[in-house]
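Architecture and fold: a report
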Amino acid sequence: MCAYIRKDIKVEVCAGSLEDCVYANQAGADRIELNNAIHLGGLTPSIGTLIESKKQTNIPIVTMVRPRGGGFYYNDYEKATMYEDAKILIKHQADGLVFGFLDVNRQIDVEVTRKFVELCHKNKVEAIFHRAFDRTADPFYAIETLISCGVNRILTSGLQSSAEQGMKLLAELQQKYGDKIEICVGAGVNEKNVLKIIAETKISQVHSSFKGWYEDPTTSGNEVSYRYSEQGDYEGVSLSKLNSFINILKEESR
């Protein structure tokens, strides 16, 4: 008797540090999305984190390219910064770039998206459009636009605050477009709902941060505090949550 993770389901770990990446690799995840500042929705990671994570893991690492929090309507300074970051991340062996560009009307910014897709494909890495998709005005027009741009994959919650709430749209997008573009489900995916989400949407790629909270004895004092959450001093992947999630996706073979 042996246990195995269903081969048709891929688990992507949203990681914010080298330690998170090592945990993802150790637990048997399929892919890492490497970020900085996950509490802001994820920003461009440091090159040092990418370099060390590539040394200490053997699964693909795709990297966020995002210069600030907030939305996805960027000025020329931000676009220039993102493009330079993108080139450097690829140079240091990122397996894909994760980005999202919208115009002021919440349509896909086609010109910049194509520029980033071309950079990715020229360097033989994946082009992934992140949850900026969930702020688009028309998800069907948006996904067709991304397909025409050559994007490999979309990370989405079905335009809802959580993937479980967005299952109806996710299922429709998968049914209509799943043979043209990969769809990965993210936002609120956990061990309690993952099988339901997969069954309802027929999407076999899932993304989660497996958030745990850690303490740093120097964070707070009598007069000064750098704590940004009452739950802890800083966040990171909980190996126990990740292992539990992976175990849910294991089946017994006899």
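None of these values were measured; they are calculated from a predicted model. (Residues numbered from 1 in each chain as written. Predicted model: local features only at pLDDT ≥ 70, side-chain atom pairs only at ≥ 80, totals over all residues. Heavy atoms only, no water.)

Below, the discussion takes up the overall build of the chain. Across its full length, the chain holds 8 helices and 12 strands. For 254 residues, the compact-globule formula gives about 18 Å, and the C-alpha radius of gyration of the chain, at 18 Å, lands near that figure. By principal-axis analysis of the C-alpha atoms, the chain measures approximately 55 × 45 × 35 Å. Taking all 254 residues of the chain together, 46% fall into the buried category. Counting only contacts in the chain whose residues sit at least 6 apart along the sequence, the fraction spanning at least 24 positions is 65%. For the chain, the accessible surface area stands at approximately 12700 Å², while carbon and sulfur atoms represent 47% of it. In the chain, 30 positive and 34 negative side-chain charges are present, and the distance between their average locations comes to 4 Å. (Helix = DSSP H or I, 4+ residues; strand = E, 2+ residues; numbered from the N terminus. Rg over C-alpha atoms; globule rule 2.2 N^0.38 Å. Buried < 20%, exposed > 50% of the residue type's maximum accessible area, 1.4 Å probe, protein only. Contact = heavy atoms within 4.5 Å. Areas by Shrake-Rupley, 256 points an atom, 1.4 Å probe, with all protein chains shown as cover. Lys, Arg positive; Asp, Glu negative; His and termini not counted. Charge placed at Lys NZ, Arg CZ, Asp CG, Glu CD.)

This prediction gives the chain a mean pLDDT of 94; 96% of its residues lie at or above 70. Residue range residues 1-5 is modelled with pLDDT below 50. Its contacts to residues more than four positions away, or to other chains, number 17 contacts. (pLDDT = per-residue confidence, 0-100.)

Right, let's talk about the sheet that holds strand 6 (residues 126-129) for a bit. What the 8 strands build is a closed barrel, ordered 2-3-4-5-6-7-8-9; its pairing is parallel. Averaged over neighbouring strand pairs, the angle between their axes works out to 25 degrees when direction is ignored. Of the strand pairs in this sheet, strand 3 (residues 31-34) and strand 4 (residues 61-64) are connected by 3 bridges, and their pairing is parallel. If you follow Glu 33 over to strand 4, its bridge partner there is Val 62. Together, strand 5 (96-99) and strand 6 form the strand contacts of helix 4 (residues 110-122), whose direction differs from that of strand 5 by roughly 165 degrees. (Pairing = 2+ DSSP bridges. Axes fitted to C-alpha atoms, helices over the stretch in contact; angles between N-to-C directions.)

Below, the discussion takes up the pairing of strand 3. The alternating pattern of strand 3 places Arg 31 and Glu 33 and Ile 32 and Leu 34 on opposite faces, both of which are buried. Inspection of the sheet shows strand 2 (residues 10-15) paired to strand 3 by 4 bridges, in the parallel sense. Following the sheet pairing, Cys 14 is matched in strand 3 by Glu 33. Tracing the backbone out of strand 2, into helix 1 (residues 18-27) and back to the parallel element strand 3 gives a crossover that is right-handed. For the segment spanning strand 3, helix 2 (residues 47-56) and strand 4, crossover handedness is right-handed. (Right-handed = clockwise from strand over helix to strand, strands pointing away.)

The biggest cluster of nonpolar side chains holds 65 residues, and the ones touching the most others in it are Leu 97, Phe 99, Phe 116 and Phe 129. Discounting residues that sit within four places of it in the chain, Phe 99 has contacts with Val 65, Thr 113, Phe 116, Val 117, Cys 120, Ala 127, Ile 128, Phe 129 and His 130. (Core = buried A, V, L, I, M, F, W, Y, C linked by side-chain atoms within 4.5 Å.)

The tally for this structure, following the rule as stated, stands at 15 salt bridges. Ionic pairing is found between Arg 153 and Glu 182, a salt bridge with its closest N-O pair at 2.9 Å. One end of the pair, Arg 153, is in strand 7 (residues 153-156); the other, Glu 182, is in strand 8 (residues 182-186), and 29 residues separate them in sequence. A residue is classified by how much of its surface remains accessible, and Arg 153, at 1% relative accessible area, is buried. Its relative accessible area of 31% is what places Glu 182 among the partly exposed residues. Taken together, the shared-partner salt bridges in this structure form one network comprising Glu 126, Arg 153 and Glu 182. (Salt bridge = Lys/Arg side-chain N within 4 Å of Asp/Glu carboxyl O.)

This paragraph deals with the packing of aromatic side chains. Considering all chains together, one arrives at 9 aromatic pairs under this definition. Ring geometry for Phe 99 against Phe 116: centres 5.4 Å apart, planes inclined by 50 degrees, an arrangement best described as tilted. Taken together, the positions of Phe 99 in strand 5 and Phe 116 in helix 4 put the pair 17 residues apart, joining distant regions of the chain. Each member of the pair, Phe 99 as well as Phe 116, is classed as buried. With 5.6 Å between their ring centres and 20 degrees between their planes, Tyr 214 and Tyr 234 make a pair best called stacked. Pair noted here: Tyr 214 is in strand 10 (residues 211-214) and Tyr 234 is in strand 11 (residues 234-237), with a separation of 20 residues, a long-range link. (Phe/Tyr/Trp six-rings, centres within 6.5 Å; stacked < 30°, edge-to-face > 60°.)

Mapped onto the elements of the fold, Ser 46 is located in the loop between strand 3 and helix 2. Of the residues examined, Ser 46 reaches a relative accessible area of 37% and is grouped as partly exposed. The spacing of Ser 46 and Leu 34 is 12 residues in sequence and 9.4 Å in space, taken between C-alpha atoms.

A word on helix 8 (residues 239-248). Along helix 8, the positions that sit buried rather than exposed are Leu 242, Phe 245 and Ile 246. In a view along the axis of helix 8, the buried residues occupy a sector of 100 degrees, so they form one face of it. (Arc of directions from axis to C-beta.)

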